[in-house]
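Now for the letters of each chain:
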Amino acid sequence: MFFATMMHLYIFATMVHIFDRYPSCLIGLLLAGLLVPLKVAAQKEWVPSASSVLDTVLLKEIRISGRKDPRVPVNVLSGNALSSRSGQSLAQVLQDVPGVSMIQTGTTITKPVINGLHGNRILILNNGVKQEGQQWGAEHAPEIDPAIAGTISVIKGAAGVRYGAEALGGVIVLDVPPLPFGKPVSGEAGTVLAANGGSFGGGFTLRSGWTSHPEWAWRIQGSGKKNGNFKTADYFLNNTGVRELNFSGEAGFRKGRWLITAYGSYFSTELGIFSGAHIGDTADLKARIQHEVPFEKGNFSYDIDAPRQQVVHRLYKTTVQYQFNDSSRLELWYAYQEDRRQEFDLRRAGRSAIPSLNLLLQTRSAALHWEQKRHSGWQTAAGATASYKANHNQPGTGVVPLIPNYKYMEAGVYGIQRMIRRGYELEAGLRYDHHYLNALGTRPFYRYVNDAGATVPVNEAGSYVKEVYYYGGERYFNNVSGMLGLRWKLKAAWNLSTHIGMAWRPPQVSELYSYGLHHGAASIEYGDSTLKGEQGYKWITTLQKQYGRLQLDASLYTQYIGGYIFLQPQRVYEQTIRGAFPVFRYQQTDALLSGLDLTARYRLWPALAYELRAAFIRARDIQQQRYLPLIPADRISHVLQYRFKEGQRINTSYIQLVSTFTARQRRYDPGSDFADPPPAYHLLHLEAGTRIYCKHHTLRLFATVSNLLNTSYKDYLDRFRYFSHGVGRNLQLRISYQF
Amino acid sequence: MKKRTSKRILSALTAFILLSALMTSCSKDPVAPNEEHNHDDPAKVALLFIKGHYHGTQLHAHDTATVAVRMDGRFIDPETNALLDKAPVVTLEQGSDIYQLQIKFYAADGDLLNGEFLQEAAIHQFFFLPSVTGVLNYVYKDDRVGFTGDFSVLQTGKELSLTASLRHGINKTVQREWNDVKYNTYGSEDFKTVLQLKTVAAGAHDHE
């Protein structure tokens, strides 16, 4: 591994030298890359191919690296990159960031994946607060509306020191826009329409300072959407409607060195789960996989029936900041979150209206953060965090809960020191975390007893009785994380940075205590209450050229995760009254993930630019010498963008064609999944956008056709690929008015 | 000035400590779990083959052979609940009698659950798939749900298996036969078992 990394550093250095002197070499390489998907497209006649709902963003708006933490690669989305994605889920918004993909449960549930890791292995920060929801389930999307954010940053390093547990794969930071102190009323209102799914929605933002009281400012924002059943290239997907209604608001007081803010966000969604994925036993599943398309073709409807989910997430935060004389700043915040998840299954006797899963998670958290930036180039940051979580299964479901009730407490302290010099920057950090879990659940067990009440063997006569069993208990987790980073300014626009970070996460309650049939996955899952935490070490090296005709961002990473928790197929079936189901057990192993994320942009002519985005990842279970499941397949995108001449009233006009090729995932152990990974697919997307100014008013227009060729496809990371294809052609129109 | 600043910082820190204290003073014990009953899951299914014939619409029953399946899918003795090594063989005679198959779903506490299925007869249907075709015939007696229906023997001297599968979420506006081989493509499964049958020639039957 060390040798490989040194080789890559050497290759990077050579690339800098060659591309800096001979940019035409890069053009040749990029054009060669373009041929790969074209070749696949030519083969498409006999390979069932596919597409995705991706559309694209204005390239310049994905800024690379920067202000969050200069040593760790950061991709920042703002402005047009977010406007052209309005109305989409967080995972869909991040699709153009190399190394970020999404794991789907059909068309309605999407979760972001960073460098192959997802769920509780990545952190989402809602205005600085760790988003606390039920992220343990693959069918649980993040309970957050990306429209609250002014910028969304994706940190790909193991940022465990700054952000604490679960930042193994990376961190997604949603920052709200700054409050407009002293500024007049301004705002934005917009609408999103999409042909596929008959989607319509809209949003608004209103913000203002107070001219007579410049120390006060406020902002409110809201968004909503509704869509009906989505359509693949050939058929409708029944029960795939979504309704969403979200609000956020912030008010602030700034006087002298003090800044006090109060922030709140509300997210609510109701979404249907594709009815064709509702299966009985494994025989059902096999029959559907063989058929490839749903047995019953759907039709369009806005109705949402069981199985469905209703989720409401609230967050309230108050922050106090104090700016010292010596360029240092102290910040203290306290936040309360409430996450209510209700899942409704198809049940008999009118019970479809009663949630089968009804969870209430309440989290109180606080943090103290101090940082100082000295003119000498030394920067220091230190802080402490604490949180208290209570998860409660709401009674009355009539179903034994999947996870127990629990209390969870965590506390951590950290310190980070940076040294900035003319030609290089150094960074080191250390963190200590202490976590405490106390779980208590109950589940029934059945046994045979004789007339005296004593247990008898199953092959002897006896009465069948149910008994209640309590499980859970206390667990303590302690961890020390560290990180070390170096940034080397090679030439005027070139930077080479390398960062080694540690991050960890304790096992989730679902991994510790699952027991029995998981209906949604058609499998029987057993947890292991003795599981230990995961310990990750990620080394990421990035070469960047931030301006000029050529812009480049290439990140090479290797991550070792000790005690990687995964569901191991037991290759046996358990017979139940509903049929036979395969058995899985949560186990631990050691995993090694390595990969390359690449973004290269070259300005061919002043108006014409070409961009290459690529992400490759290799992941192994190094104990058992097997591939890890659900790792994103190789993906290469080519973007050709034409920018129209800038006018006084009309500007930032562009049209772009995006070609995305997703390879077949061949790094897969046969028999480890119900179906082999689907074939490679190639998609085309077309997007155009413009901005019209009129005095102090701005109108932004975006039109996108995703999956332009209406390709039929299945994606390996879609858990419903067994039953159905991905979304077909979709024309989307976004209009926003700013004043 | 410096003093005022220190005072403010001190206030902020005090607030933080108070908040922390508030948090740590919260209980470490989780809420006691509510004991939920899996209302949806039958614990035992009894399949009764009732031999008899009709007087008008009235079934005149003679003998009953019962097969019982418990919640883990294994066969048990219907009287003693003792686990059986394999599925019991039900012998069906050809003749003027039919075999009415009555299927009964029981909860763990012994409650009969059939009403829950019949209440939603519009989306439930039992399918019966013999391993050998042309040996049996079946007629639904309950609006194509299959909790009650009549088997008759068409061929004797056959040993066969019979897959019984109850599906829900079925669009029953489409007429589907009792032995539709595509049964597992309709809706999803509530219950499935494979019975063992033997058909024999008609024996003497004394009718009083």
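Everything in this summary refers to the structure shown in the same document. Everything numeric here is computed off the predicted structure, so don't read it as measured data. (Residues numbered from 1 in each chain as written. Chains lettered and ligands numbered in written order. Predicted model: local features only at pLDDT ≥ 70, side-chain atom pairs only at ≥ 80, totals over all residues. Heavy atoms only, no water.)

1. Topic: the interface of chain A and chain B
Phase 1 of the analysis: Taken together, the 67 residues of chain A in the interface contact 54 residues of chain B.
Phase 2 of the analysis: Buried surface at the junction of chain A and chain B, summed over both partners, amounts to about 5400 Å²; 58% is from carbon and sulfur atoms.
Phase 3 of the analysis: Summed over the shared surface of chain A and chain B, the number is one salt bridge.
Phase 4 of the analysis: Salt-bridge contacts for Glu116 of chain B lead to Arg351 of chain A; the nearest nitrogen and oxygen are separated by 2.7 Å.
Phase 5 of the analysis: Linking chain A with chain B are eleven residue pairs in polar contact (both at pLDDT 80 or more).
Phase 6 of the analysis: Mapped by element, the contributors of at least two residues to the side of chain A that touches chain B are helix H6 (282-291), strand E16 (328-344), strand E17 (357-373), strand E18 (378-393), strand E19 (405-420), strand E20 (424-449), strand E21 (463-489) and strand E26 (550-576) of chain A.
Phase 7 of the analysis: Residue composition of the side of chain A that touches chain B, by class: 35 nonpolar, 20 polar and twelve charged. (Contact = heavy atoms within 4.5 Å. Buried area = accessible area lost by both parts, 1.4 Å probe. Salt bridge = Lys/Arg side-chain N within 4 Å of Asp/Glu carboxyl O. Polar contact = N/O pair within 3.5 Å; in protein donor to acceptor, adjacent residues only side chain to side chain. Helix = DSSP H or I, 4+ residues; strand = E, 2+ residues; numbered from the N terminus. Nonpolar A, V, L, I, M, F, W, Y, C, P; charged D, E, K, R; others polar.)

2. Side note on the nonpolar core
Note that soluble globular proteins tend to have their nonpolar side chains buried in a common cluster.
Phase 1 of the analysis: Ranked by size, the top nonpolar core spans 40 residues in total, and within it Phe49, Phe105, Phe126, Phe128 and Phe151 of chain B carry the most contacts.
Phase 2 of the analysis: Within the second largest apolar cluster, 25 residues are counted, among which are Leu94, Ile114, Tyr263 and Ala367 of chain A. (Core = buried A, V, L, I, M, F, W, Y, C linked by side-chain atoms within 4.5 Å. Buried < 20%, exposed > 50% of the residue type's maximum accessible area, 1.4 Å probe, protein only.)

3. Some remarks on the packing of aromatic side chains
Any pair of aromatic rings gets described here by the distance separating the centres and the angle formed by the planes.
Phase 1 of the analysis: Tallied over the entire structure, the rule returns 34 aromatic pairs over all chains.
Phase 2 of the analysis: A ring pair is formed by Phe720 of chain A and Phe723 of chain A, whose centres lie 5.6 Å apart and whose planes are at 75°; its orientation type is edge-to-face.
Phase 3 of the analysis: Residue classification places Phe723 of chain A among the buried positions, given a relative accessible area of 5%.
Phase 4 of the analysis: Within the aromatic cluster, the residues linked to one another by ring pairs are Phe49, Phe105, Phe117, Phe126, Phe128, Tyr138, Tyr140, Phe147, Phe151, Trp178 and Phe191 of chain B.
Phase 5 of the analysis: The ring of Tyr408 of chain A has Lys389 of chain A lying over it, and the distance from NZ or CZ to the ring centre is 4.9 Å. (Phe/Tyr/Trp six-rings, centres within 6.5 Å; stacked < 30°, edge-to-face > 60°. Lys NZ or Arg CZ within 6 Å of the ring centre and 35° of its normal.)

4. Brief notes about the sheet that holds strand E9 (residues 158-168) of chain B
All names here are of chain B.
Phase 1 of the analysis: The four strands lie next to each other as E4-E10-E9-E6, forming an open sheet whose pairing is mixed. On the outer flanks of this sheet lie strand E4 (89-93) and strand E6 (124-130), each paired with one strand and no other. Across the sheet, the mean angle from the axis of one strand to that of its neighbour is 30°, orientation sign disregarded. (Pairing = 2+ DSSP bridges. Axes fitted to C-alpha atoms, helices over the stretch in contact; angles between N-to-C directions.)

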